[in-house]
Every structure is written in structure tokens, then in C-alpha cells.
Amino acid sequence: MLGGAPALAQRNRPVPATSLLSPAPPAPAPLTDGGIIKSIAVSGAQRIEPETVRSYVKLRTGAAYTRESLDQALQDLFATELFADVQIRDENGALTIIIKENPVINRIVFEGNKRIKEDKLSKELKLAPRQIFTRSKVRADIARIIELYRRQGRFAATVEPKMVLLDQNRVDVVYEVTEGPKSKVRQINIIGNAKFSDNELRSEMVTKRSSLSRILSSNTTYDPDKLSYDQGKLRQFYLTNGYADFRVVSAVSELTPDKRDFIITYVVEEGERYKFGDIDVESDIRDFKAETVKSLLPMKKGEWYNAKLVEDTVDNVTKTAGLLGYAFAQIDPQFNRQKDTRTMNITFRVADAPRVYVERIDVNGNTLTQDKVIRREFRLAEGDAFNSFSVKRSEDRIKSLGFFQEKLEIAQSQGSAPDRVILQANVEEKSTGELQLSAGFSSLEKFIINASIKQRNFRGKGQELRASVNYSTYSKSVELGFTEPYLFDKNIALGGDIFRRDFNSFNYTNNGDRNTTYSQLTTGFQLRTGVPLTEFVSAAGRFGVSYDQVTLDRNTYYIDGQCSPLLAGRYLCDAIGNRITSSIGYSLVFDNLNNGIRPTRGQRAVFSQDFAGLGGDVHYLKTRFEATKYWDLGSKFIASAKLEGGYIKSFDSSSDAGVDPVRLTDRFFLGEPQIRGFDIRGVGPRVLRTSYTQDATGKYVPSSDTNNNQTDDALGGRAYYLGRLEVEIPLGSGAKELGLRPSIFMDAGAVFGVRRPNLTTIANTFTTTVNGVSTVGPLTRPTKDSNGNLVYIVPIATGDPNSGLATLCKFGYSTTLAGCPTTGSVNAQSITTLANPFNETFLGDTPRPRVSIGVGVNWNSPFGPFRIDIAKALLKSPGDQTKLFTFNVGTQF
């Protein structure tokens, strides 16, 4: 065994890099004048058949050979890259080809790679286990690995290949990687610019200089592809500002000696600034008149030349031609530069083209989703006249399904004739099933647990099936739902939901603490249907039945089995009870959003009404309106405006002037998250209950410490409105990679219209006057046991073992009523405090707008979606509850 160890070590020794990359030189052929080949033998073959070796050379038995032909044979064998060494032995025409086969790769190992994982590197290699080792593939692999690191900006990365020899002519290939640091852009120099400053031009570039303020940005990393892109950005900037002769003379990037940074230098030639000259249009299409095209031209003679305006004009004219059925219309702007007057004359020429019809619609890439699910979203059918608007609308509708990646585009290609076009929907499916367990903390709901399963493309038919269970501090729910978007392959949607929801309302007390008031347990179902009326207008109907159980805690809010306004407030006592709501409703929807998931342009408006009264205990008509519009402002800025409002009309009457016929649980509420800057249900009508405290004279007055001595109950309203303006702000690619989407916003709204409730005031509490001083004391009553017997307390007396104990006896002490003595010490009556002195005030019932402004950030964090808002209330009404900071975070596991 000892003797075998050195041999094993020798066999597994690593081979230097040069031996892997430099091919062995061909062995010199023996000196010979040539002759006739008598035989060709092969020696050293292990895996390769001798006949295969002979097929690689042009030497044949019986043929003549020369020294040159032997040299060529060696070169041909080495060119196969199957052999580590080759020799040809000549014994008077008896040729022997002596070969040493290249080894078989046992495995490929990476060492030193941290920034790029092994699985990603392995996908880029030409070599693989069980393949024949070749030096050319090693060189290609090294170049590919270095290229991957350069794409990450690591230009100092090096790769050294090693080979570990094994038995049976096998090897392990080891790539030793030295990654090095990221190469940053230290400086960007611009030479030749006079009209614009260096900072103005640098701001147009994607590549930025490295600095502490850009520590999270990836744009400070050197990328040669970005270098070319930045040259285009410079040219676009100058051409947009009228410099038609601008050109980038050179762009040079120099790596610093330490290979850590790059210095980029642009040499530019600005040229003269031009204005628009004569603008004309020529159209060869008979029914696409030049006058029509001229009306689409945004540029005017005498304005500064703008190349971007010209490109946009070409696009707009092309789209207009597409609307008329000319899919392949060519719009060619012809430029006539007048250097003496520095004007640019442009003629837009519309070449003749036939009206085009759709020959075929192809759907590619869908493996789960059925073809009909995609095809039914097309606004064109085979044989229809081509219309570019319908193609774009089809693309938007397919994206809005949410089944495919966002990069979906409907390609157009020439059909079998010049007037035929083939439309291809090349889709890439994404996961539509969701199985989620999440937990988190919200400033609105406190601790949150959610478990849900959803399939938005059930069986590949576009159906939606969902089930969810939610739990938080104030709400719990279980819901099941199903939607069929195309019933019997007709454009009719049908769906249904069953649910059970448990909601605990609350008010604010004791320095902002939340105190649970009423509980609402709702169980019910709803049936839904929808049908399109036009391309952008649809109608939806629904019918639902729910059973509500509204309760208050009996131990907290009840006296003698009745809800006490002293403890709960009359408005809460009026809300309790069990009710059945049977309602039917409809909605009219206008929707031309370009994307139903993350829209960037378009608008959506919904008008809906729900009537409750088809049986049941509740009768009302609830009307709501909602409209949203999106604008693409350019440069990835997205603006949106939203306006909504509602009103509920009750058909029930109330005999009490202080009781609103619309019950508390059916009203509208407003606050976080609808209007940021205010707390949940922090806007609108409310009752403030303020406790009394004694002043210096002993007189009881309303407390000035509202944080610790005030209770706030939101009442909601029968009418509300809400408006919102928001602009999503794009960030650099570094922040985009982190999933950050910040925005600025302004919210405004109000909820109002509730009947003034009956209030509980100081007149309902106990008041005494002693020596001219009014004392407002707590409202009390004698304590009784469960059988209605009065409870007494034995007076404190020295030596009495029963001192301070509760008893049913008026005299003395006994554990039972039957054993009470008739004489002895007189016990004190036990008193229960029902309510401390307080005063109630009704506030906030006004349509005056509440306004807030703020900033927010959505972040797709590693531990789940995160939303943070900082909002300041600018306008508010007395009683409104404001809130500066809110957040919501969760995680998946």
C-alpha cells in the first residue's frame, strides 16, 4: 500500500494552465522520399475505432505518399481535437499511426466564484462531463466566463484553468476564478461642447460617475453596451434641440492601471442649430389624402428643428394609415438641409400600399392556456380588414388577462399576398396559481395572518377559483369564489362567492389606544354576472343575501340585561341586532385601460346601484360612482387621477328623531387607507365622549386632557366623495432592481349626511350641591347577586375576622341568606359604579373637504411586499383623527 501512494499522487497531479491552452506541436514525419503505402496500422486507440482514425486522413493503402502528405495527415488528425499526441512511423511503406487520445472529462469544478453562482457559469460552458477534453473549448469557456464577469462590470476578473489527471484517461477540469472588484466610472470627459455644459450632457447619459450619493445605483458600473447607448442619447439630445449636424467624433474608455475604474472621454462636434423650413406631404395612397396627413403634423415653420418630433410624426401617420387598413404603409421623411439659411425642409412621402386584410392569426407559446382563451380577446378575425387600433386593443386585452409576461407583442408579417397580413401572438406564460401563507404587521390591522389558494387560469380556460382565510386583530374572514368569464363560450361572465366575515369595530381612548365596541358577524353569498355592451362598455349584475349579527359585550356595555347609553352611547345601542339583507344590483363600466393590472394610460369609470329590500329586514338604495384616469407623462412618469362618491337612501322610517334610518353598519366610512394622512375611520361624523375632572374649586368640568379622557366613535355617513392625484416617480436601474416604486400624492374627500344622534350629557348623571358647590359624581347602583339579592360589605373593625368581606346579610355575616342574624353590626351596602361623569359632542358632519399631501413607496422587499406612506393633513374638521405615518409589511413562507 505504501508503494502505491506515490503513483496515485503522480496520477492526480494538477497540470499547469499553459498545457491546457497550447496544443502539442505535430510530431515531425520521418524523412523519406515517399513511395507506395503497403499498410496503415493504428496504435494506442482506446475509445476510438482504428477505422475511424484512418478515416480522418487522406492516406490509403496502395496509394503513393510523400513527406508532405504525411505532414498533412498529422495536421488533419490534430484538427479533430480528439488526440493529445499523434505520430506516424514509416517502415518502408508500412505506416503506423501512433495516437494518444484526449482524456474524458470527469467533472468541471469552479473555485473562487462568489458573485456568479456555479449553475449560471455551467450553462455557458462548451465543455461538460463525459465529453472529450479539447483545448479550444477550454479557451472558449475562459473567454465566456470573463465575458460574464465583464457584464457585471468586473474587468479585473481572471480565470486560470487547471487539469487534474485521473485513472482511465479521465480528468477533472478546474477553473480558478479571481473575480476582482467592480470597475466603476471614475470620470466622464466631454470635449468639443460649447452650447451645453458637461453636467447637462452627463444628465442625458445612462452611465453616471461613481459617488457616495449613487452607492446603490448600478449605472456607475462600466458597461461597453451602455457606452454605445450613451452616444445615441447624446445624438438624440442634440437633434431634439435643433443641431442636425451633430456627431460624436470618438468615444474612448480607458481602464486605470489598477483595473478598478474607467475614464470615458467623448469628443463631439456640435455644428449649427437649424429651424424647420417648408413642411410638405405627398401621398400616393388614393384615399389617404395629403391634406389629412398635414393636419397631423405638429411642427411649424420657423420653430427650432426637433428630430424627435419628426420620428413621432412618422409613427402617428403610420398608425393613422393602419386605422384605414394600410398595415404596410411606408412614410419616408425626405430632408433638404439649407445650410445658408440654417433651415430644414421636410417632405413626408407616403408610398403607395394596398389595403390589407388579416389572412391568419397564430398563437404561439401557450402550453397551459387554451387557444380559445387568447383568440377570444382578439378584436380582429381572419378575413377582416386590418386595423392597427384593433391590433393594439387586442394586445392590451391579452395582457390584462394576467396570464402572460408583460413583454407580449402581436407581431405582423407579410402574408401570402401583398394585401395579406399574418398576426402572431407570441406569448410567454407565467404562473397563475397562488398558494400563499403570509404573516405581517400593519399599522391599520396590527398582526395579520393570511392563507389563500387561487388559480386565475383554472384548467387553462381562464376561469378563476379562489379560497382564503384571513385573521387580524380586528377582522377575520373565510371566503370561497369562482368565476367563469365566458359561459358556454359566450361573452357572458358568471361567478359566485360565499363568505363569513367577523369584524370588530373600535373607538379610540386613553392616549390613542383602540377599544373594541361592536362586533359584526356576516354570513352570506353573492351571485355575479357580466356582459359587454360595446368594446369599452360592459354591464354587470349581482344578487346577494347576507345575515348580520351585530352585538356589544354584555359585561362592558349592558345594565340589567339592557344596552346602556351611559356605557356604549345610544348610537351603538341602536345598531345591535340581527338582520337579513337581500339585495340586487347592477354596474355600468367604461374601461379602456391599456393594462388591467398595472395601467399606464386610459380611463375606467363605474356607476353602480344596489337595492336592498327583496325580502329581508333592510331597505335602501345605494348609489356609487368611480372614475380613474392614467397618463404616461414620458420618461416613465405615470400620473393618475381618481374621483369617487356615493349616497345611500333608506326606505325605512325611524320613530326616534335621533336615530338614523340607515343603520351604522351600512354607512360609508372614510380614513386610512382611502384618504392618507388620516387614521382609519378618521374622517367624518363622530361622537366625542369627554370625561369630567375637578378643578381647583372642586367643581367638575370637561377635561382638557383629550388624549387620556376622551373616547372617539366614528358614525360614518350616508354620502361621501373622494379624490386622489398621484404621480409615480421612476428611479434609476439600481432602485428598480430593488423593486422600489415611489410616488407623490394628494388626497381629498369627506363623508357626511348622518342624522344627529341622541347624545348622553351631564343631565343624565348624578349631581349634588353642597354649600353652593355642584358636585358631578359617578352614576352608581346597589350591587346584587345573580338572584337579585343585595350585596353588603362587613365594616372594617379591629379583631373582626369578617372585616371587608361581602355578604348577603344586612347585619353581621353569613355565607347564606338564611343564616343572617337580625341584630349586630350594620353592614355597608355594596355600590357598583356604572359610569363616570362625561359629556358627548357630535362633530364632523360636513361636506367640507379634508385634504392631505404626502409621499409613498412600494417596495417588493425580500421578505414580502412593503408599503409606506408619509402624509400631512392640510385641511381637516374638528374631531378628525390625523396620522402622519403608516406602513404595511408581510412575508411569505
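Residues numbered from 1 in each chain as written. Predicted model: local features only at pLDDT ≥ 70, side-chain atom pairs only at ≥ 80, totals over all residues. Heavy atoms only, no water.

Participant: Sorry if this is basic, but what is going on with helix α10 (residues 307-323) here?
Facilitator: Each turn of an α-helix holds 3.6 residues, which means side chains three or four residues apart point in the same direction. Taking 1.5 Å as the rise per residue, α10 with 17 residues should run 24 Å; its terminal C-alpha atoms sit 25 Å apart, in good agreement. Of all the residues in α10, the buried ones are Ala-307, Val-310, Thr-313, Val-314, Val-317, Ala-321 and Gly-322. Looking at the packing, one finds that the buried side of α10 touches α8 (224-240), β13 (275-283), α9 (290-294), β14 (331-338), β15 (343-350) and α12 (388-400). For α10, the N-terminal capping position is held by Asn-306, with its side-chain oxygen 2.9 Å away from the main-chain nitrogen of Lys-308. Following α10 by one or two positions, Gly-325 adopts a phi angle in the positive range, close to 100°. (Helix = DSSP H or I, 4+ residues; strand = E, 2+ residues; numbered from the N terminus. Expected span 1.5 Å × (residues − 1). Buried < 20%, exposed > 50% of the residue type's maximum accessible area, 1.4 Å probe, protein only. Contact = heavy atoms within 4.5 Å. Polar contact = N/O pair within 3.5 Å; in protein donor to acceptor, adjacent residues only side chain to side chain.)

Participant: Explain the sheet that holds β14 to me, please; I cannot follow it from the model alone.
Facilitator: Whether parallel or antiparallel, the strands of a sheet pair through hydrogen bonds between backbone atoms. Strand order in the open sheet made by the three strands is β13-β15-β14, with mixed pairing throughout. Each end of this open sheet is capped by a strand with a single partner; those strands are β13 and β14. Each adjacent strand pair in this sheet contributes to an overall mean axis angle of 20°, direction not counted. In terms of strand pairing, β13 meets β15 through seven bridges, oriented parallel. By the bridge assignment, Glu-282 is partnered in β15 with Arg-349. Across the sheet, α10 lies against β13, β14 and β15, angled at about 155° from β14, the strand it touches most. (Pairing = 2+ DSSP bridges. Axes fitted to C-alpha atoms, helices over the stretch in contact; angles between N-to-C directions.)

Participant: I would appreciate a short explanation of unusual backbone geometry in the present structure.
Facilitator: Trans is the common state for peptide bonds, and a negative phi is the common state for residues other than glycine. The peptide bond linking Glu-672 to Pro-673 adopts the cis configuration, its omega dihedral lying at 5°. Position of Pro-673 among the secondary structure elements: in the loop between β31 (637-650) and β32 (686-694). Residues other than glycine seldom take positive phi values, yet Asn-92 does so here, at roughly 55°. Here Asn-92 falls in the exposed class, since its relative accessible area comes to 67%. Located in the positive-phi region is Arg-130, a residue other than glycine, with phi close to 75°. One can find Arg-130 in the loop between α5 (118-123) and α6 (135-151).

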